[in-house]
Amino acid sequence: MNSLQQLGHGALTAFQRLGRAHLFLFAILAGLPSLLLRLRLLIQQIFSVGVLSLVITVVAGLFVGMVLGLQGYNTLVDFGAEDSLGVMVALSLVRELGPVVAALLFAGRAGSALTAEIGLMKATEQLSGMEMMAVDPLKRVIAPRFLAGVLSLPLLAAIFSAVGVMGGYFVGVGLLGVDEGAFWSQMQSRVDFDEDIMNGVIKSIVFGVVVTWIAVFEGYDAVPTSAGVSRATTRTVVYASLAVLGLDFVLTALMFGEI
Amino acid sequence: MQNTRLVETLVGIFVAAGFAALFMLAMKVSNLNAFSNVEGYEVSAKFDNIGGLKELSPVSVSGVRIGRVTSIAFDQESYLAVVTMTIDPKYNRLPTDTSASIFTSGLLGEQYIGFEPGGEEAFLKEGDIISLTQSAMVMEQIIGQFLFSKASEGSKTE
């Protein structure tokens, strides 16, 4: 009886959180238009969310592309199809790895920082202080961070894919001796702009919304203690990563699958 | 104030880099640029069977790419496939009796059109039609013929 009650309590708490998260999202969206008057806040946030994630994204993209080039070459060379290396690298990057890995890195690098920052603001009662001064923290603190995340991730994912293709090129053409013309021309003839690249961009926009939404909500909803903030930060990384991987399957099935 | 300017500059660089990456993906990686640089002169050829030839497939002479296939259509008068190719204008000294064949790069690779230059004095120009063509080899037909000849061989020896 007791365990049943606990289960029910858990479920109700989870649904309450989900409901709060959605109300929170609508409140942020309602706060976005007034952000246009305060572009400086947005730029400041794009700096801390996007620009500071640039290094990790570029380095990770380069190495992912290089590994793809190496592994792809080892498999393709058995069939004498190493000319298709460019297609393989480019399609894996723009369709899947670019949006997904960039979003995972973004959740770890920027998402956790957002949650910790907002959680700490709440714990040190800065948010209540703003309310006392009749400043809406949703508009002043949350909305710029949310929009900055949504705008930054697609750019980061595009940079990740582009750098990854260059990494694959360095390894494939530079080190392993794949024909340069075949590398690019096969890539260009197989990769479609609307089908592949734009779908990748749409994916990264969706991931940007989800990751940033989870990050700012966890921070805003954190228990205002140091332990609560640390738990909220962990939850952001875990939930955001799982949401990205799960949504990626759904989006892939919708975009490229026959389902 | 200095700090704000630095931040804004860095954000500007970030946004520019993001769009540059997208632009590079669009132009260098995808087929988008294939539509923008279709400059050159067009020639066409008729084939019995084009196999797996696609638009944007390469056109090459001696293995060097000189153009791309721009359109593929079916001619209901002659029941032949009409393939229109755009050739890079710097390769303007192809004789009019050049022959076009459809080859496969590697055993399972992409199909492309290979030109074999002839000996005429006049050169191909915009709108010309290549009359000497050789169709794609369709693997199923070859295997079919092979099996058929094997079978007839077998029945003769009995």
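Values in this document were obtained by computation on a predicted structure and should not be read as measured data.

Colleague: Explanation requested: the overall build of chain A in the structure shown.
Modeller: Along the backbone of chain A there are nine helices and zero strands. In sequence order, the secondary structure elements of chain A are arranged as α-α-α-α-α-α-α-α-α. In terms of overall dimensions, chain A has C-alpha extents of about 65 × 55 × 30 Å along its principal axes. Per-residue burial over chain A gives 50% buried out of 259 residues. When contacts within chain A are restricted to residue pairs at least 6 apart in sequence, those whose partners lie at least 24 apart make up 84%. Counting only carbon and sulfur atoms, one obtains 69% of the accessible surface of chain A, whose full area is about 12,100 Å². Side chains of chain A carry 14 positive and 18 negative charges; the gap between the two charge centres is 18 Å.

Colleague: Explain the overall build of chain B here, please?
Modeller: Looking only at helices and strands, one finds three helices and eight strands in chain B. Ordered by position from N to C terminus, the α and β elements of chain B give α-α-β-β-β-β-β-β-β-β-α. Taking as baseline every contact in chain B between residues at least 6 positions apart, the subset at least 24 positions apart corresponds to 63%. Of the roughly 9,800 Å² that chain B leaves accessible, carbon and sulfur atoms contribute 58%.

Colleague: Please clarify how the interface of chain B and chain A should be interpreted in this entry.
Modeller: By a widespread convention, an interface's size corresponds to the accessible area lost as its parts come together. Taken together, the contact between chain B and chain A spans 26 residues of the former and 31 residues of the latter. Both sides of the chain B and chain A interface together cover about 2,500 Å² of buried area, and 74% of this is carbon and sulfur. Among the residues chain B hides against chain A, the three largest losses belong to B:Phe14, B:Leu25 and B:Val29. Together they make up 25% of the total. Along the contact surface separating chain B from chain A lie one salt bridge. Note that B:Glu8 and A:Arg40 form a salt bridge whose closest N and O atoms lie 3.0 Å from each other. Summed over the shared surface of chain B and chain A, the number is one residue pair in polar contact (both at pLDDT 80 or more).

Colleague: What is the right way to look at the domain arrangement of chain B in this model?
Modeller: Considered domain by domain, chain B is made up of domain 1 (1–30) and domain 2 (41–142). Computed over C-alpha atoms only, the centres of domain 1 of chain B and domain 2 of chain B are separated by 42 Å.

Colleague: Any chance you could explain the pattern of salt bridges here in plain terms?
Modeller: Two side chains that carry opposite charge are able to pair once their charged atoms sit near each other. Residue and element names in this part refer to chain A. For the coordinates displayed, the defined rule picks out twelve salt bridges over all chains. A salt bridge links Arg-20 to Asp-221; the nearest nitrogen and oxygen atoms lie 2.9 Å apart. Taken together, the residues span a long stretch of sequence, with Arg-20 in helix H1 (residues 2–35) and Asp-221 in the loop between helix H8 (193–220) and helix H9 (226–255) at a distance of 201 residues. A network of salt bridges, in which partner residues are shared, links Arg-17, Arg-20, Glu-218, Asp-221 and Arg-235.

Colleague: What am I meant to see in the sheet that holds strand E6 (residues 111–116) of chain B here?
Modeller: Across a sheet, paired strands are connected by hydrogen bonds in the backbone, their directions being either parallel or antiparallel. All names here are of chain B. Across the sheet, eight strands lie side by side as E7-E1-E4-E3-E2-E6-E5-E8; this open sheet has mixed pairing. For this open sheet the edge positions go to strand E7 (129–130) and strand E8 (133–134), each flanked by a neighbour on one side alone. Summarising the sheet, strand E2 (residues 58–61) and E6 pair through three bridges and their orientation is parallel. Residue pairing across strands places Val-59 opposite Ile-113, the latter belonging to E6.

Colleague: Help me out: how do you make sense of the environment of A:Ile214 in this one?
Modeller: Residues and elements named next belong to chain A. Inspection of the secondary structure puts Ile-214 in helix H8. For Ile-214, a relative accessible area of 16% puts it in the buried group. Taking the C-alpha atoms as reference, Ile-214 lies 9.3 Å from Ala-243; in sequence the two are 29 residues apart. When sequence neighbours within four positions are dropped, the list of residues in contact with Ile-214 reads Thr-236, Tyr-239, Ala-240 and Ala-243.

Colleague: Explain a nonpolar patch on the surface to me, please; I cannot follow it from the model alone.
Modeller: Together, B:Met137, B:Met139, B:Ile142, B:Ile143, B:Phe146 and B:Leu147 make up an exposed nonpolar region whose accessible area comes to about 620 Å². Structurally, the position occupied by B:Met139 is in helix H3 (residues 139–157).

Colleague: Before we go on, may I ask you to explain H1(A) in this structure?
Modeller: Residue pairs three or four apart in sequence face the same way in an α-helix, which turns once every 3.6 residues. Residues and elements named next belong to chain A. A rise of 1.5 Å per residue sets the reference length of H1, with its 34 residues, at 50 Å; its end C-alpha atoms lie 48 Å apart and thus fit the reference within 8%. Taken together, the buried positions of H1 are Arg-17, Ala-21, Phe-24, Leu-25, Ile-28, Gly-31, Leu-32 and Leu-35. Where H1 is buried, its residues meet helix H2 (39–49), helix H6 (137–175), H8 and H9.

Colleague: Sorry, what's going on with the pairing of strand E1 (residues 41–47) of chain B here?
Modeller: Remember that side chains alternate between the two faces of the sheet whenever the strand is regular. Residues and elements named next belong to chain B. Of all seven residues in E1, five are buried, a share of seventy percent or more. Two elements, E1 and E7, share two bridges in a ladder whose sense is parallel. From the neighbouring strand, Ser-44 faces E7, where its bridge partner is Ile-129.

Colleague: Would you explain helix H7 (residues 180–190) of chain A in this entry?
Modeller: With eight of eleven residues buried, H7(A) is to be regarded as a mostly interior element. Within H7(A), burial applies to A:Ala182, A:Phe183, A:Trp184, A:Ser185, A:Gln186, A:Met187, A:Gln188 and A:Ser189.

Colleague: Sorry if this is basic, but what is going on with the packing of aromatic side chains here?
Modeller: Remark: the centre distance and the inter-plane angle together describe each pair of aromatic rings, the angle taken between the planes. Residues and elements named next belong to chain A. Per the counting criterion, the structure on display carries eight aromatic pairs over all chains. Aromatic pair Phe-183 and Trp-184: ring centres 5.3 Å apart, planes at 90°, arrangement edge-to-face. Both residues of the pair, Phe-183 and Trp-184, belong to the buried class. An aromatic cluster is present here, built from Tyr-169, Phe-170, Phe-183 and Trp-184 joined pairwise through their rings. Arg-95 extends its terminal NZ or CZ atom over the ring of Phe-256, reaching a point 4.3 Å from the ring centre.

Cut-off values and rules
Residues numbered from 1 in each chain as written. Chains lettered and ligands numbered in written order. Predicted model: local features only at pLDDT ≥ 70, side-chain atom pairs only at ≥ 80, totals over all residues. Heavy atoms only, no water. Helix = DSSP H or I, 4+ residues; strand = E, 2+ residues; numbered from the N terminus. Buried < 20%, exposed > 50% of the residue type's maximum accessible area, 1.4 Å probe, protein only. Contact = heavy atoms within 4.5 Å. Areas by Shrake-Rupley, 256 points an atom, 1.4 Å probe, with all protein chains shown as cover. Lys, Arg positive; Asp, Glu negative; His and termini not counted. Charge placed at Lys NZ, Arg CZ, Asp CG, Glu CD. Buried area = accessible area lost by both parts, 1.4 Å probe. Salt bridge = Lys/Arg side-chain N within 4 Å of Asp/Glu carboxyl O. Polar contact = N/O pair within 3.5 Å; in protein donor to acceptor, adjacent residues only side chain to side chain. Domains from an automatic or database assignment. Pairing = 2+ DSSP bridges. Patch = residues over 30% accessible without salt bridge, like charges linked within 9 Å, V, L, I, M, F, W, Y side chains within 5 Å. Expected span 1.5 Å × (residues − 1). Phe/Tyr/Trp six-rings, centres within 6.5 Å; stacked < 30°, edge-to-face > 60°. Lys NZ or Arg CZ within 6 Å of the ring centre and 35° of its normal.

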